[in-house]
Amino acid sequence: MANESDVKSIMTFSTKSEASTALQNISRWKNAPLHERCTITDMLKIKEAFQANMNKMLPNEFRNLLRTLLNVEYDDDDYKILFMKINTNRTGDIEWDDLVSHLLLGYFASGAEEQRESLQPPIMGLPTVMRSQHRHPVSRICFCPDVAKDRSTDPMQGTYITASRDGMINWWSLDMVLLRTAFSSSPHLKVRITWVTDLVCMPDVNIIVTSSTERDLRFYDCTAKTFTLKIVITSWEFMICTMYYHFHKDINEKCLLICGDVGGNVRVLMFSPIKRGPFQNQPGKALIQLRHVDLQRKPQLLPAMQLVELTRVHSDWVRQVSYYESLHCVVSCSTCVDSLLMCDIAGSKTHNMFKVEKGIQCFAFDEAAHVLVTGGPDCAVRVWNPFVPSKCNAILLGHHAAVTNIVLQNNGQTVYSLSRDRIIKVWDVHGQVCIQTYIDVPAQVGERTPITAVYNPVSREYILAAMKVAVLVLDEQLNPAHTDGFTHSRAVAEVLYNPLFKVIITCGMDSIIINWDPATGKRNTLIRDAHTRLLHGELIPVEITAACFDPGYQLLLTGARNGSLKVWNFNTGICLRTMSIEHMCEVTSCFWVEGRILAVGWNRHVTEFEETGTGSTGKSWETRHSDDVLAAAARPPLALATASYNSELLLWKLETGQPYRRFSCTEPTLRIKMQYSKREARASSSAQSSSPASRRASSMRRPSMVERESVSASTAMRKAYARRVSTVSLPARAQHMRQLAVHAIIFLLTRPCSMNVASLMLSLENGQVQGWSDHSAGGYQGSFQAIHTAGDYVSAFATDTNNDYLFTGTTIGYIKVWLMRNYLRNEEVHICMPKLRLEFPFLWRDRLEGRAKRCVRQQPLPLLLNSYRAHLRCVTTLAYVDELKLLFSGSSDYSVRVWRLSGEYLHTLGSFLPWSLDLTRFPPDVKKVASFTTFKVWRGGYVSRYVPGQVEEDKLRDITEQELCRTYGAPPSEPLLGNYFHLPSRPDRQDPIVLDDSLPTIPVYSALRMASSQPVRRARTPPLVQARRTRLLGTRRTHFQHDPHQH
């Protein structure tokens, strides 16, 4: 059965007469996904139908087959898209193998593993390494939370505590800032220092417990930042090597201190936390010392603490202990055959023994999901059901050293395992696969020393400690107040819209290609590691820098930073061909014209490949650029425009591959002479490389007034200078030396190839957008300023199919929309301003104009239709969908955002929030820095019309003007409280109370302030009040007395 959210509608045909509805009363699934309607029985029937037709079917035959067998009806457009997705070979018919491949891709795409698949690994970047402030390796690190009055804890309120073998204990803040230091030492030893084996905090009673090689337990009181030894329990049978403390939220429940020793014994100390139990301050008893056997033989020495022993439960050291609260069980593990024990304290109700041949070193469990995960010296991670100790559910293999620590996330579905060789592996329990292998924990943390670790589930910080301290973030969670999520794990390189399949293709610097549904925001296909290179025997992802579709919009061409080009079937994720322009030469632009593939980049020339060829190398066009090509645009079948870093603009004939015009965008009125002889071109290139001055003199000449009478160089320079946003003036000599790089270029394809019509738009790094004609007799037509902030420039272009609008994205994240209908068209075009104001609220008049409108006051054309802040970083690419009137903007902030034509924000592709094209929102990150113009666009033109000092009109008119003047017009006379009451004088300032915490007990009562023992003197009753009381007492009567004057 298909999912109701994915099925668009169900067509039900019904009539009144039962006799005539035998064929019409049929329920058909409309445009349902094919893999959701196919069952095993349907597949067998479809296979028989294919075998009857020689394993091939024409489009109409296959459509009738779906209608009869699967009861699925498709619209013409939807069936055309489905047929092209299945017919990957583009032969015009469907084969059985093609259908099976399409169904398999559908099953995998809708599977749980595919939906959970993340774009970036859970552990990103390098760990933060800091000094441990210990002389010896850290033997234990733990988190001590602050306990509230209701005995609740918050993982974001507390301190971290580290203990080293020499007894040095450090307190750290949540930001890993050292707070204070103390030392734990045996009171019986004066010279020799014992090793501290473990430490555990008891936050509800402010106690820290340490165990040492002297076979003792030391309880330290940490109240008021003290560190006072309260209780010492000595002479344990074996050295205690691991401990765990558990306390209940109910104060009437007993607290548990679970200890495991080297003899395989588990001992539980229980006490009541009421009034701190055995740790309550008692006069005359600063230190309580007793032996282990005295807890049972002489309970009067410490009556508030009870001891429960589980002896010989393991045959080796106890490696870890814990408490399973929902089952009221103690859990312990050891590196022996009897590996893990789960039993209650009495040992009668529950006694489950999990056996592993080489034992278990560590474990972790999730009580809500009842998942138990263990790791041991056999390098395997096992997943158990706590109620089934006989056999584990899954074994995860991949480590090459003993597993020493386990962390669980997502209700036990994600497992992090740390091995002794400092490698962290991330496992997906549901898929039983390794998601990531993290090898960047440095050796300086602890190369030959056991590493202890603690995990904070709220901040998701994983802190490792040994010789040094390292902090990692495990699968950092996004805050909805700061971001809507990310589309890629790196900057977005290209966003393309495919009008044939009606999908959005995004390519990122993370070498990932994603196929999106623009209407629902669903991810259809994900291609990882699209481009790679081999480095030291390892495949490293390479950034994607360029992409385009073939003329039929069925294939995708991508270019990478290492010079490689690949052809993809973006519906299936299959790479069909691999090419290269030059090794480690970035591809900045690529084009697919009829029969040819063109690519340009840092090699300064155009490389051409045959569309049907199989070779990986192509032929190179003539090298005409003297610097790297940054931008290019194609106008099939006429021209190709390329622009370089040093402001060179070249126009090429697509048919012959020869350049026919050359310009300098910095000085657009100058023309560079074209040289078509190879010998002269070689001599000219050598002369250009030897002397910039001779290059300018030989290759540039000023055009005559007969050729360009309408263009004046001095006028163009004055206009360009007047339109500069920055007020920093450059010397005249520096103005001539400065070459402006071209960063973006686009063709307006609907405009004719005329000498007076600007069909090519390009952006310079000074913020200008220039219009050029690609005609052989054309050239520079005009320019306009497209920014309103100094230092900004246009980095991305987009336009609609009719070229009515030009969308520009800038380096600081602004998107502007310009009207191109009447700009440099060489014809009069009527503009309907009321219609534009309805579509673009930005055009509505403001009380105070923003920077965007102020910067275009002296610039009548082109008309600025919209301007708003879309990203906090550079806008790298734009794509406009005419059918939905949606604009997709990709940025270096890893996101692709969806905007309406009017500028209202809808959503982010790949967001964790619900998807909707009807509800508008504010981008959380941009909202903090957006201007009032941006907010006006986001709100659809609504602005607050309140003016400070404006009197609100009372529309209800509850109070008339006469009542207002008569009753509330004049203020009351002073004093307001009369002559019989005066405000009391302010009390004297009291100094804060400072408690003396140098003693074992704090004398609190000596610092308390006492109130005066004198009675409070009552104020005298005013005479007017006394007279009124006397009058009322004389006229008082009971409620049943009748007044004779009343009738």
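Calculation notes
Residues numbered from 1 in each chain as written. Predicted model: local features only at pLDDT ≥ 70, side-chain atom pairs only at ≥ 80, totals over all residues. Heavy atoms only, no water. Helix = DSSP H or I, 4+ residues; strand = E, 2+ residues; numbered from the N terminus. Buried < 20%, exposed > 50% of the residue type's maximum accessible area, 1.4 Å probe, protein only. Contact = heavy atoms within 4.5 Å. Areas by Shrake-Rupley, 256 points an atom, 1.4 Å probe, with all protein chains shown as cover. Pairing = 2+ DSSP bridges. Axes fitted to C-alpha atoms, helices over the stretch in contact; angles between N-to-C directions. Expected span 1.5 Å × (residues − 1). Arc of directions from axis to C-beta. Salt bridge = Lys/Arg side-chain N within 4 Å of Asp/Glu carboxyl O. Polar contact = N/O pair within 3.5 Å; in protein donor to acceptor, adjacent residues only side chain to side chain. UniProt positions renumbered as here; feature names shortened; annotations may be inferred. Lys, Arg positive; Asp, Glu negative; His and termini not counted. Core = buried A, V, L, I, M, F, W, Y, C linked by side-chain atoms within 4.5 Å.

**Student:** Account for the overall build of the protein chain, naming residues and giving values.
**Tutor:** Of the regular secondary structure elements, the protein chain holds 18 helices and 66 strands. In the protein chain, which comprises 1047 residues, the share counted as buried stands at 48%. Relative to all contacts within the protein chain whose residues are 6 or more apart in sequence, the contacts with residues 24 or more apart total 50%. As displayed, the protein chain offers around 54,900 Å² of accessible surface, 52% of which is attributable to carbon and sulfur atoms.

**Student:** So what's going on with the sheet that holds strand β11 (residues 196-202)? Residues and values would help.
**Tutor:** The five strands lie next to each other as β11-β12-β13-β14-β18, forming an open sheet whose pairing is mixed. What marks the edges here is a single partner per strand, and that holds for β11 and β18 (288-291). Taking each pair of neighbouring strands and ignoring which way they run, the sheet shows an average axis angle of 15°. Judged from the six bridges that link them, β11 and strand β12 (residues 207-212) form a sheet pairing that is antiparallel.

**Student:** Outline helix α2 (residues 40-52), listing residues and values.
**Tutor:** Compared with an ideal rise of 1.5 Å per residue, which puts 13 residues at 18 Å, α2 spans 19 Å between its outermost C-alpha atoms and is within 8% of the ideal. Those residues of α2 lying buried are Asp-42, Met-43, Ile-46, Ala-49 and Phe-50. Taken around the axis of α2, the buried residues stretch over an arc of 125°, which confines them to a single face. More than 90 degrees from the buried face of α2, the exposed residues found are Ile-40, Leu-44, Glu-48, Gln-51 and Ala-52. A positive backbone phi angle near 60° is found at Met-54, which sits one or two residues after α2.

**Student:** So, the environment of Ile-360: which residues are in play, and what are the values?
**Tutor:** One can find Ile-360 in the loop between β23 (351-355) and β24 (362-366). Put simply, Ile-360 and Cys-333 are 27 residues apart on the chain and 5.9 Å apart in space, counted from C-alpha to C-alpha. Beyond its immediate sequence surroundings of up to four residues, Ile-360 is in contact with Arg-319, Cys-333, Ser-334, Thr-335, Ser-339, Leu-340, Thr-374, Gly-375 and Gly-376.

**Student:** Which residues make up the pattern of salt bridges, and what values go with them?
**Tutor:** Per the counting criterion, the structure on display carries 26 salt bridges. For Lys-936, the salt bridge identified is with Asp-846, shortest N-O distance 2.6 Å. With Lys-936 in helix α16 (residues 932-938) and Asp-846 in the loop between α13 (833-839) and α14 (851-854), this residue pair connects regions lying 90 residues apart in the sequence. With respect to burial, Lys-936 and Asp-846 carry one shared label: buried.

**Student:** Before we move on, can you summarise the environment of Asp-421 with the specific residues and values?
**Tutor:** Its location among the elements puts Asp-421 in the loop between β29 (414-419) and β30 (424-428). For Asp-421, a relative accessible area of 27% translates into the label partly exposed. C-alpha of Asp-421 to C-alpha of Val-403: the two residues are 18 residues apart in sequence and 9.0 Å apart in space. Contact partners of Asp-421, with chain neighbours within four places excluded, come to His-400 and Ala-401. For Asp-421, the side chain forms a polar contact with the side chain of Ser-419, separated by 2.2 Å.

**Student:** With reference to specific residues and values, describe the UniProt feature "repeat: WD" (unreviewed entry) in the protein chain.
**Tutor:** Taking the UniProt record as the reference, the feature "repeat: WD" (unreviewed entry) is found at residues 360-385, 396-437, 544-578 and 868-902. Taken end to end, residues 544-578 is 0% helix and 63% strand, and its first and last C-alpha atoms sit 14 Å apart. Measuring from the first to the last C-alpha atom of residues 868-902 gives 10 Å, for a span that is 0% helix and 57% strand.

**Student:** Provide a residue-level description of unusual backbone geometry, including the pertinent values.
**Tutor:** Both trends apply: most residues other than glycine have a negative phi, and most peptide bonds are in trans. Here the residue pair Pro-636 and Pro-637 is connected by a cis peptide bond, since its omega of 0° sits within 30 degrees of zero. Examined against the element boundaries, Pro-637 turns out to sit in the loop between β49 (629-635) and β50 (639-644). Unusually for a residue other than glycine, Lys-275 sits at a positive phi of about 55°. Turning to its location among the elements, Lys-275 is positioned in the loop between β17 (266-271) and β18. Judged by relative accessible area, Lys-275 falls into the exposed class, the value being 62%.

**Student:** Can you tell me about the side chain of Lys-816, naming the residues and giving the values?
**Tutor:** Tracing the sequence through the fold places Lys-816 in strand β61 (residues 814-819). For the buried Lys-816, no salt bridge exists, and the shortest N-O distance to an oppositely charged side chain is 7.5 Å, to Asp-792. A polar side-chain atom of Lys-816 sits 2.8 Å from a polar atom in the side chain of His-788. Contacts of Lys-816, omitting those with residues within four sequence positions, involve Ala-786, Ile-787, His-788, Leu-806, Phe-807, Thr-808, Ala-852, Leu-864, Asn-866 and Ser-867.

**Student:** With reference to specific residues and values, describe the sheet that holds strand β63 (residues 875-881).
**Tutor:** Reading across the sheet, the four strands line up as β63-β64-β65-β66 and stay open at both edges, with antiparallel pairing between neighbours. Single-partner strands in this sheet number two, and they are β63 and β66 (905-908). Each adjacent strand pair in this sheet contributes to an overall mean axis angle of 20°, direction not counted.

**Student:** For the side chain of Asp-893, give the residues involved together with the corresponding values.
**Tutor:** Within the element layout of this structure, Asp-893 appears in the loop between β64 (886-891) and β65 (896-900). For the buried Asp-893, no salt bridge is present, and the opposite-charge side chain at shortest range is Arg-897, 4.5 Å distant. A distance of 3.1 Å separates the side chain of Asp-893 from the side chain of Ser-891, its partner in a polar contact. Within the structure, the side chain of Asp-893 is placed 2.8 Å from the side chain of Ser-895, a separation counted as a polar contact. If we skip the residues at most four places from it in the chain, Asp-893 touches Phe-486, His-871, Leu-872, Arg-873 and Asp-925.

**Student:** Run through the nonpolar core, naming residues and quoting values.
**Tutor:** The nonpolar side chains of soluble globular proteins are, as a tendency, buried together. Grouped together as the largest cluster of nonpolar side chains are 44 residues, with contacts concentrated most on Met-761 and Phe-807. Elements that contribute at least two residues to this core include exactly β55 (742-747), β59 (794-799), β60 (805-810), β61, β62 (863-869), β63 and α16. The residues touching Phe-807, leaving out its near neighbours within four places in the chain, are Ala-796, Phe-797, Ala-798, Thr-799, Asp-800, Lys-816, Val-817, Leu-878, Tyr-880, Leu-887 and Leu-901. In terms of nonpolar packing, the next biggest core, distinct from the first, is built from 26 residues, Ile-240, Leu-302, Met-305 and Leu-307 among them.

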